[in-house]
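Summary of structural features
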Amino acid sequence: MVQFITIDDPTDPRVAGYAQVRERDLVGRHGLFMAEGEVVVRMLAASQLCEPVSLLLAQKRVEALSDSLAALAPEVPVYVAGQAVMDALVGFPIHRGILALGRRRATPTACEILAGLGPEALILVLYGIGNHDNMGGLFRNAAAFGADAVLLDADCCDPLYRKAIRVSVGASLITPFARLERDEDLAGLLEAAGVRSVALSPAGQGTLAQLSRAPRMAVLLGSEGPGLPADVLARTRTVAIPMAAGFDSLNVATTAGIVLHHLGFMAEREAG
């Protein structure tokens, strides 16, 4: 049975985790993350990698989520509030009226993720992605085009930041990922795991159209502007996406989508 708890006071300590959401975005949630909106909260409820800790719903949104609520573990509280109380609690008008606090079930290392991959795998590897919109878009593309995992260097922002989760449409809740320690050699880990790496660069040695799919393959992308570190480019095959004359720049999430689609559906194209 769903554990519905009515909240009439925005200062109720039971919902303190939802207070002043934007301020909490800046200071952190002590191992928890916040999911926002119907699609994202449904993804959280169904995720094998993350679990809901509690939900906060505007009264008018309860019925729309009834199927997902019925699947919650009985110990997960569902707090229900009127719109005015909810707005006062979170600190701004939250028109979606659907929030949840969640946590990852486990935080695997890059080595553990690589060891768990099958004989065929597609991995997205990210260096220095500091923009949460880009991070969310990257995870959305990873999920859409069948990437098996995402690996992040130590300088990447958090895929479970509220905005990143929202932009990913919940993909960061269902896509396995790991963050490397600053002294870990990611290129070396990929090589040791039998993964062929390809780095995207405007100065690539070849073009994406010339790139064939290896059974286990990693796509390496860097931040917009600086791109990938020079030592990574020196150890990896590089490819470029041809563009119109006089322009050589794509948003990093757009680049990921193009490359992952090319590699993820190559077998189908060849079979056709």
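In what follows, the structure referred to is the one given above.
Residues numbered from 1 in each chain as written. Predicted model: local features only at pLDDT ≥ 70, side-chain atom pairs only at ≥ 80, totals over all residues. Heavy atoms only, no water.

**Comments concerning the pattern of salt bridges**
Tallied over the entire structure, the rule returns 14 salt bridges. When the shortest N-O distance is used, the salt bridge between Asp25 and Arg162 registers 2.8 Å. Taken together, the positions of Asp25 in helix 1 (residues 21–27) and Arg162 in helix 7 (residues 162–167) put the pair 137 residues apart, joining distant regions of the chain. Arg162 shares its class with Asp25; the two are buried. Taking the shortest distance from any N to any O, the salt bridge between Arg42 and Asp67 comes out at 2.8 Å. Placement of the pair is Arg42 in helix 2 (residues 38–46) and Asp67 in helix 3 (residues 66–70), with a sequence separation of 25 residues. Residue class for Arg42 comes out partly exposed when judged on its relative accessible area of 23%. (Salt bridge = Lys/Arg side-chain N within 4 Å of Asp/Glu carboxyl O. Helix = DSSP H or I, 4+ residues; strand = E, 2+ residues; numbered from the N terminus. Buried < 20%, exposed > 50% of the residue type's maximum accessible area, 1.4 Å probe, protein only.)

**Focus: unusual backbone geometry**
Here Gln20, not a glycine, exhibits a phi torsion of approximately 50 degrees, which is positive. For Gln20, the position within the fold is in the loop between strand 1 (3–7) and helix 1. Under the relative-accessibility criterion, Gln20 is labelled partly exposed at 34%. Notably, His30 is not glycine yet its phi reads approximately 55 degrees, a positive angle. Mapped onto the elements, His30 comes out in the loop between helix 1 and strand 2 (33–36). Of the residues examined, His30 reaches a relative accessible area of 80% and is grouped as exposed.

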